[in-house]
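If you want the building blocks of each chain, they are given just below.
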Amino acid sequence: QVQLVESGGGLVQVGGSLRLSCAASGTTFSINAIGWYRQAPGKQRELVAAISSGGSTKYADSVKGRFTISRDNAENTVYLQMNSLKPEDTAVYYCATGPPRRYYGNNYDYWGRGTQVTVST
């Protein structure tokens, strides 16, 4: 059974940083695509960043230059380093995984329960 557990969320001031982690189990992590999504109250869930099995990355325009996704296959963990945080980054952040082809789409198979990120002014 595939399980994803996010951690690292919290309350941070504008301009601050957080690093989210997503620990995976029950899957061949090294070949999977991984995505980080977020959902703010009253808004649709959106893709924030994704990383392929080969290490290719892509980002939403709103976070380019501020967020970095990375993976540690030995630890079955994916990270999302978030810098220069803004109030509009406030959301529940989820990680998701699936086969390599998911990197090119938006329909991952397995999801974590999310971690809250709140950016205060």
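Whatever comes next refers back to the structure up there.
Residues numbered from 1 in each chain as written. Predicted model: local features only at pLDDT ≥ 70, side-chain atom pairs only at ≥ 80, totals over all residues. Heavy atoms only, no water.

Draft legend 1. Highlighting the side chain of Arg 71. Topologically, Arg 71 is positioned in strand E7 (residues 67–72). Reaching out from Arg 71, the side chain makes a polar contact with the backbone oxygen of Asn 32 at a distance of 2.8 Å. Non-local contacts of Arg 71, meaning those with residues more than four positions away in its chain, are made with Phe 29, Ser 30, Asn 32, Ile 34, Ile 51, Ser 52, Ser 53, Thr 77 and Val 78. (Helix = DSSP H or I, 4+ residues; strand = E, 2+ residues; numbered from the N terminus. Polar contact = N/O pair within 3.5 Å; in protein donor to acceptor, adjacent residues only side chain to side chain. Contact = heavy atoms within 4.5 Å.)

Draft legend 2. Focus on the pattern of salt bridges. Scanning the entire structure with this criterion turns up five salt bridges. A salt bridge links Arg 66 to Asp 89, with the shortest nitrogen-to-oxygen separation between them at 2.7 Å. Of this pair, Arg 66 sits in the loop between strand E6 (57–59) and E7 while Asp 89 sits in the loop between strand E8 (77–82) and strand E9 (91–98), and the two are 23 residues apart along the sequence. Here the two residues Arg 66 and Asp 89 agree in accessibility, since each one is buried. (Salt bridge = Lys/Arg side-chain N within 4 Å of Asp/Glu carboxyl O. Buried < 20%, exposed > 50% of the residue type's maximum accessible area, 1.4 Å probe, protein only.)

Draft legend 3. Region of interest: the sheet that holds E7. Read across the sheet, four strands follow the order E1-E3-E8-E7 without closing on themselves; strand pairing throughout is antiparallel. This sheet does not close on itself; its edge strands, each paired only once, are strand E1 (3–7) and E7. The average undirected angle you get between the axes of adjacent strands in this sheet is 15 degrees. (Pairing = 2+ DSSP bridges. Axes fitted to C-alpha atoms, helices over the stretch in contact; angles between N-to-C directions.)

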